[in-house]
Amino acid sequence: MWRTVLLYGLGLAVAAVALEQLKFRYAASEVSTDLYVGLLAVGFTALGLWVGHRLTAKKPAAPFARNVAAVASLGLTPRECQVLDLLASGSTNNELARALGVSPNTVKTHLASLFAKLDVDRRVKAIEKARFLSIIE
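Quick notes on the rules
Starting afresh in each chain, residues are numbered from 1 along the sequence in its written order. Only residues with pLDDT of at least 70 get local features here, since the model is predicted, and only at 80 or more are side-chain atom pairs given and counted; chain-wide, interface and lining totals rely on the full set of residues. Excluding hydrogens and water, the side-chain figures rest on all heavy atoms present in the structure. Residue exposure (1.4 Å probe, protein chains only): buried if accessible area is under 20% of the type maximum, exposed if over 50%, otherwise partly exposed. By the criteria applied, helices consist of DSSP H or I runs no shorter than four residues and strands consist of E runs no shorter than two, each listed in order from the N terminus. Here, axes are lines fitted to C-alpha atoms. For helices the fit covers the stretch in contact, and angles between N-to-C directions go from 0 to 180 degrees. Roughly parallel means an angle under 35 degrees; roughly antiparallel means over 145; roughly perpendicular covers 65 to 115; every other angle is labelled oblique. What makes two residues a contact is simply this: any of their non-hydrogen atoms within 4.5 Å. Asp, Glu, Lys and Arg are counted as charged, while Ala, Val, Leu, Ile, Met, Phe, Trp, Tyr, Cys and Pro are counted as nonpolar; the rest, among them Gly, fall into the polar class.

Some remarks on unusual backbone geometry
Positive phi, normally seen in glycine, also occurs at Asp119, with a value near 60°. According to the relative accessible area criterion, Asp119 is exposed, its value standing at 65%. Even without being a glycine, Ser134 presents a positive backbone phi close to 60°. Tracing the sequence through the fold places Ser134 in the segment after helix H8 (123–132). Here Ser134 falls in the partly exposed class, since its relative accessible area comes to 31%.

Structural notes on the packing of helix H5 (residues 78–88) against helix H7 (residues 104–118)
Orientation of H5 relative to H7, taken along the N-to-C sense of each, is 95°, at an axis distance of 10 Å. As judged from the angle between their axes, H5 and H7 are roughly perpendicular. Mapping the contact onto sequence places Arg79, Glu80, Val83, Leu84 and Leu87 in H5 and His110, Leu111, Ser113, Leu114, Lys117 and Leu118 in H7. For the contact of H5 with H7, the per-class residue count stands at six nonpolar, two polar and three charged.

This is the structure:
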């Protein structure tokens with residue numbers, strides 16, 4: 001970020017020197033004020049768009065890779081990982097049951113096992129911990 005700020009400052013300094021060299025005061029009195037203000041507005045708008053794009057540009061995210069070591073150390077089964085993925089999407093117990101093709105009571109059993117293995121007591125905490133451990137996206 002400091003590099004961008006320094007380049008911006010250097011650009012303004014160069015522009016100021018160039019305007020002085022071109023006898024800015026004489027040119028400003030010869031050109032209509034509306035044209036002068038319009039050119040300044042276009043210049044600063046372009047500069048603002050460029051700086052905004054540079055400061056907010058996002059790098060593409062790397063593809064998600066599940067932390068296999070964390071899954072193994074916690075003793076999570078593939079089915080529990082699947083339940084955890086669906087849980088992170090905000091599904092209810094009935095929606096989880098339909099997606100997995102099991103009964104809601106089986107989902108409750110999976111959730112209880114997940115909560116015990118992750119050492120949490122709520123869905124949100126389970127999702128937060130799983131994301132922290134890179135088990136889910």
